[in-house]
Amino acid sequence: MSELDFVPFMREAIDLAEKGRWHACPNPTVGAVLVRDGQIVARGWHHAAGEDHAEVDCIKDAASHGVNPAECTLVVTLEPCCHQGKTPPCTEAIKAAGIKKVVVGLADVNPVACGGACQLRESGVEVIEGVCEQECRDLVADFLIWQQHKRPYVMLKMAATLDGRIATRKGQSKWISCDKSREEVQELRAGIGLCGGAILVGGGTFRTDNPQLTVRGENAGPQPLACVLTSRLPQPDADFHLLKDRPEQTVFMVSPAAAASTTAKALRDIGVRVLALGPGMHGGPDFPNLLRAVWEELHCPYMLCEGGGHLALSLLEAGLVDDFRLHLAPMILGDEDALPLFSGRAPLSLEEALRMRVSNTHLCGEDIHIHLRPLEAAKA
């Protein structure tokens, strides 16, 4: 079989890996299948951190179905590890199973775990690398950020009309997206919360929308932290959901002067965290230090930005959006004074446009969801 022949099997392994999304954190999501005579005969994925890796899970699935792995080719989304961690090396399990051919999607960037392909080759196992490499890289984009940049994986979610408006001229935005889209957002928040992540909004969104930033309904579980990047702090007795309902899970990021104010002290007295954040090099927010604080002080592997438009644009301009999920509703306002997705730039040519690549699109209820990722490697 040629490399192209393994593409459908690798995509099945990618789909399996997604079953471990959130639960595998801080490990990468990985999927694997065993192929014999052009058919998948066993499946596996990394269910949760500390549990069997995908390769071992797949080999165990083969045993439960009476399949001999030695007669099969292993197709796995990420290079098998060759080190002893919470689980034994996958390379040893592969060799013990008698597997003679392994197809790998992406080489492991973890300096502790990489080298598995070389070890397998030295043991006489044929290894093919790079099948569906970009798709496999996207699968573990969060893990790559953690390993290479030591910061949270930044996600941006926005909903807009077909003409790119996020609210009417009077600020009405409920609801642009359909019920199904909002259910998907709750699932996303639930995953962020499960991993101990955070949701970020700007001060304008905080004051205008009075958001709860919680997981609700059947997805309710561990709640994500609520982070607000703002130029001014509210009074602790102000009528905001975050202050009344979940002060211990709320974080304000403000200037050093505001962080040292009496208002900041009063907020800390009710359990709110207030972090000082200086200006960036070009006068805007110091996003590298913001992400460093979220990573080192709040210990959040994910940060989901849900608005507003100015904050989202600033993150995009800084090259710090790793994952952009745009929900387009099939409606048109046709009002140039309605609030746009993004505003504030004045490019004179298309060469100055901010560009991303589309990694996936799908229908969700009545809406179209567009999943975008950076064209270039993420910044620190």
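As annotated in an unreviewed UniProt entry, the protein chain carries the name 5-amino-6-(5-phosphoribosylamino)uracil reductase and is attributed to bioreactor metagenome. Recorded in UniProt for the protein chain, the comment headed Pathway (unreviewed entry) runs: "Cofactor biosynthesis; riboflavin biosynthesis; 5-amino-6-(D-ribitylamino)uracil from GTP: step 3/4."

Draft legend 1. Structural detail: the overall build of the protein chain. The helix and strand inventory of the protein chain stands at 13 helices and 16 strands. Over its C-alpha atoms the protein chain spans a radius of gyration of 23 Å, differing by no more than 12% from the 21 Å that the globule rule assigns to 380 residues. Projected onto its principal axes, the C-alpha positions of the protein chain cover 65 × 45 × 40 Å. Considering the protein chain as a whole, with its 380 residues, one finds that 51% of them fall into the buried category. For the protein chain, restricting intrachain contacts to residue pairs at least 6 apart in sequence, the fraction spanning at least 24 positions comes to 71%.

Draft legend 2. Expanded view of the nonpolar core. Ranked by internal contacts, the top residues of the largest apolar core, which has 76 residues, are Leu34, Val102, Phe252 and Tyr302. Considering every element that reaches this core, the biggest residue donor is helix 1 (residues 7-18), with seven residues. Domain assignment of the residues forming this core places at least three in each of domain 1 (3-142) and domain 2 (151-374). Once you skip the residues sitting within four places of it in the chain, Phe252 turns out to touch Phe206, Val228, Thr230, Leu233, Pro234, Leu243, Leu267, Val272, Arg273, Val274 and Leu275. Within the second largest apolar cluster, 35 residues are counted, among which are Val154, Leu156, Leu229 and Ile370.

Draft legend 3. Highlighting the domain arrangement of the protein chain. Domain annotation for the protein chain reports domain 1 (3-142) and domain 2 (151-374). Domain 1 and domain 2 are separated by 35 Å when their C-alpha centres are compared. Contacts between the two partners involve seven residues from domain 1, matched on the other side by 12 residues from domain 2. For the domain 1 face of the interface with domain 2, the top three residues by lost area are Trp22, Asp138 and Asp142, together amounting to 69%. Linking domain 1 with domain 2 are two salt bridges.

Draft legend 4. Representation of unusual backbone geometry. The omega torsion of the bond from Cys25 to Pro26 falls at 10 degrees, within 30 degrees of zero and hence cis. Take Pro26: it is sitting in the loop between helix 1 and strand 1 (31-36). In this structure, Trp175 follows Lys174 across a cis peptide bond, with omega equal to -5 degrees. Inspection of the secondary structure puts Trp175 in the loop between strand 7 (165-167) and helix 7 (179-194).

Draft legend 5. Representation of the packing of aromatic side chains within the structure. Evaluated as defined, the whole model comprises seven aromatic pairs. With a centroid separation of 6.0 Å and an interplanar angle of 90 degrees, the aromatic rings of Tyr153 and Tyr302 are classed as edge-to-face. Linking Tyr153 in strand 6 (residues 153-161) with Tyr302 in strand 12 (residues 302-305), this pair joins segments that are 149 residues apart in sequence. Both rings, one in Phe324 and one in Phe342, keep their centres 6.2 Å apart while their planes meet at 70 degrees; by these two values the pair is edge-to-face. Of this pair, Phe324 sits in strand 13 (residues 323-329) while Phe342 is found in the loop between strand 14 (339-340) and strand 15 (356-364), placing the two residues 18 residues apart along the sequence.

Conventions we followed
- Residues numbered from 1 in each chain as written.
- Predicted model: local features only at pLDDT ≥ 70, side-chain atom pairs only at ≥ 80, totals over all residues.
- Heavy atoms only, no water.
- UniProt positions renumbered as here; feature names shortened; annotations may be inferred.
- Helix = DSSP H or I, 4+ residues; strand = E, 2+ residues; numbered from the N terminus.
- Rg over C-alpha atoms; globule rule 2.2 N^0.38 Å.
- Buried < 20%, exposed > 50% of the residue type's maximum accessible area, 1.4 Å probe, protein only.
- Contact = heavy atoms within 4.5 Å.
- Core = buried A, V, L, I, M, F, W, Y, C linked by side-chain atoms within 4.5 Å.
- Domains from an automatic or database assignment.
- Buried area = accessible area lost by both parts, 1.4 Å probe.
- Salt bridge = Lys/Arg side-chain N within 4 Å of Asp/Glu carboxyl O.
- Phe/Tyr/Trp six-rings, centres within 6.5 Å; stacked < 30°, edge-to-face > 60°.

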